[in-house]
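One letter stands for each residue in the lines below.
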Amino acid sequence: MSTHPLPRVRLAAAAAVTTALALALTACGGDGSGSGKAKSAGDGKVAVTDATGTKVDVPAKPAKVVALSEMDLDSALALGVKPIGLTAGRGQKGAPGYLADRAGNIPVVGAVTGPDIEKVLRAKPDVILAGQLADQKVLQQLKAIAPTVVTIGKDKDWKKALDLTGRVLGKQNEAKDFLAGYDAKVADLKKKLGTRAGATVSVARYSAKGTAVMQQGVFISDVLKDIGFKRPGVQNERGQGHSTPISDEDIKQIDGDWLFIGTLAAKGKDADLFAELKTKPAYRELGAVSEGHATEVDGSKWTSLGGGLAAESVLNDIQKAMAAR
């Protein structure tokens, strides 16, 4: 989630509405740390410690949940909770493509650049999953609407986020079971891959801005690390942003034993440009491409914020691409 501030007009309008609500609603938060475990706070609430170390009192069984990041949406759905509002995924008009069937017609209440406070207010949530939102002004407005939990830490670890979301939603056991199931699927995939479990795997995304590789500290790199794959070149290093641009002249940097590459949307300008890239000699000469080891993937799943359902789906994609050959 981007932390860019919302336009002043929108903030001012929302502030006028939420100020009134703040008189009746408890602003959730503090600067305490703690064990992170959900504890009874009385009056049908439990206390949790969010990813920033802030203590938040949330309903014991929230029925109306707003998810303000792709990972929050993924986590909630993985735990059997369908949010009443979501933030559109990167390059998407709504939920990421891989979640489209599960997300159904959940209303959009924000974008990657931030939530629409007025839409969140109208949704009347019991709890707000705020992803990695760090804009304090926006967070205060959200807290005036409902208990707000920052679920994603600086390490962007989807497993920690899922565990925390489980505590917020009263789904601790479901979160534990999901993570155990994921570990079992990873172990099974390793067996099916055999010696290929130690292969060098590259992940790249293509857009109108060109090619970008996924470095360490992002969702997909954590999944590949679970499997035991090696990574080529700069993909072994921690990037400064979500992805690192590579010039056409340096496209060899995306090569590996196996290459997974895609765009955020299956149709549109980026997808059309990617189709052109695949005809260029420099791309066709990559070792992974010439050997038939290049797989086109859904970038909204592989190269975005991710989550548990994305991780399981990635395992399936890898099995189809590598274990069946």
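Okay, so let's go over this structure. (Residues numbered from 1 in each chain as written. Predicted model: local features only at pLDDT ≥ 70, side-chain atom pairs only at ≥ 80, totals over all residues. Heavy atoms only, no water.)

1. A word on the overall build of the chain
- Each helix and strand in the chain was counted, giving 13 helices and 14 strands.
- Buried positions account for 53% of the 325 residues belonging to the chain.
- Of the contacts made within the chain by residues no fewer than 6 positions apart, 65% connect residues no fewer than 24 positions apart.
- Looking at the chain as shown, the accessible area adds up to about 14,900 Å², and 51% of this sits on carbon and sulfur atoms. (Helix = DSSP H or I, 4+ residues; strand = E, 2+ residues; numbered from the N terminus. Buried < 20%, exposed > 50% of the residue type's maximum accessible area, 1.4 Å probe, protein only. Contact = heavy atoms within 4.5 Å. Areas by Shrake-Rupley, 256 points an atom, 1.4 Å probe, with all protein chains shown as cover.)

2. Thoughts on the packing of helix α7 (residues 172-193) against helix α8 (residues 219-227)
- Contact geometry of α7 with α8 gives a least axis separation of 9 Å together with a crossing angle of 60°. In terms of axis orientation, α7 runs oblique to α8. Within the contact between the two elements, α7 uses Y182, V186, L189, K190 and L193 and α8 uses V223, D226 and I227.
- Looking at side-chain class alone, the contact of α7 with α8 contains six nonpolar, no polar and two charged residues. (Axes fitted to C-alpha atoms, helices over the stretch in contact; angles between N-to-C directions. Parallel < 35°, antiparallel > 145°, perpendicular 65-115°, else oblique. Nonpolar A, V, L, I, M, F, W, Y, C, P; charged D, E, K, R; others polar.)

3. Considerations on the packing of aromatic side chains
- Under the definition given, this model contains three aromatic pairs.
- Aromatic pair Y206 and F274: ring centres 6.0 Å apart, planes at 35°, arrangement tilted. In this pair, Y206 is assigned in strand β10 (residues 201-207) and F274 in helix α9 (residues 269-277), connecting sequence segments 68 residues apart. With respect to class, Y206 is no different from F274; both count as buried. (Phe/Tyr/Trp six-rings, centres within 6.5 Å; stacked < 30°, edge-to-face > 60°.)

4. So, the sheet that holds strand β6 (residues 108-111)
- Judged by pairing direction, the sheet is mixed, and its six strands sit side by side in the order β7-β6-β5-β4-β8-β9 without closing on themselves. Two strands close off the open sheet at either side, each with one partner strand: β7 (114-115) and β9 (148-149).
- Pairing of strand β5 (residues 85-87) with β6, which is carried by two bridges, proceeds in the parallel orientation. Of the residues in β6, the one forming a bridge with T87 is G110. (Pairing = 2+ DSSP bridges.)

5. Quick word on the pattern of salt bridges
- Under the defined criterion, the tally for this structure stands at nine salt bridges.
- With a closest N to O distance of 2.6 Å, R90 and E70 form a salt bridge. Residue R90 is located in the loop between β5 and α3 (100-103), and its partner E70 is located in helix α2 (residues 70-78); the two are separated by 20 residues in the primary sequence.
- Of the charged contacts, one joins E174 and K171 as a salt bridge, the two residues approaching to 4.0 Å between their closest N and O atoms. (Salt bridge = Lys/Arg side-chain N within 4 Å of Asp/Glu carboxyl O.)

6. Quick word on the side chain of D72
- Relative to the helices and strands, D72 resides in helix α2.
- Buried and unpaired, D72 has no salt bridge, with R90 as the nearest side chain of opposite charge at 11 Å.
- A distance of 3.0 Å separates polar atoms of two side chains, one belonging to D72 and the other to S69.
- For D72, the contacting residues outside a window of four places in its chain are A67, L129, A130, G131 and T151. (Lys, Arg positive; Asp, Glu negative; His and termini not counted. Polar contact = N/O pair within 3.5 Å; in protein donor to acceptor, adjacent residues only side chain to side chain.)

7. Some remarks on the nonpolar core
- Grouped together as the largest cluster of nonpolar side chains are 48 residues, with contacts concentrated most on W158, I220, V223, F229, F260, I318 and M322.
- At the level of elements, α2, α6 (158-168), α7, β10, α8, β13 (258-263) and α13 (308-323) are the ones that each hand at least two residues to this core.
- Excluding residues that lie within four positions of it along the chain, M322 makes contacts with L193, R196, A199, F229, W258 and F260.
- If you look at the next biggest cluster of nonpolar residues, it comprises 16 residues, including L68, V138, L139 and A146. (Core = buried A, V, L, I, M, F, W, Y, C linked by side-chain atoms within 4.5 Å.)

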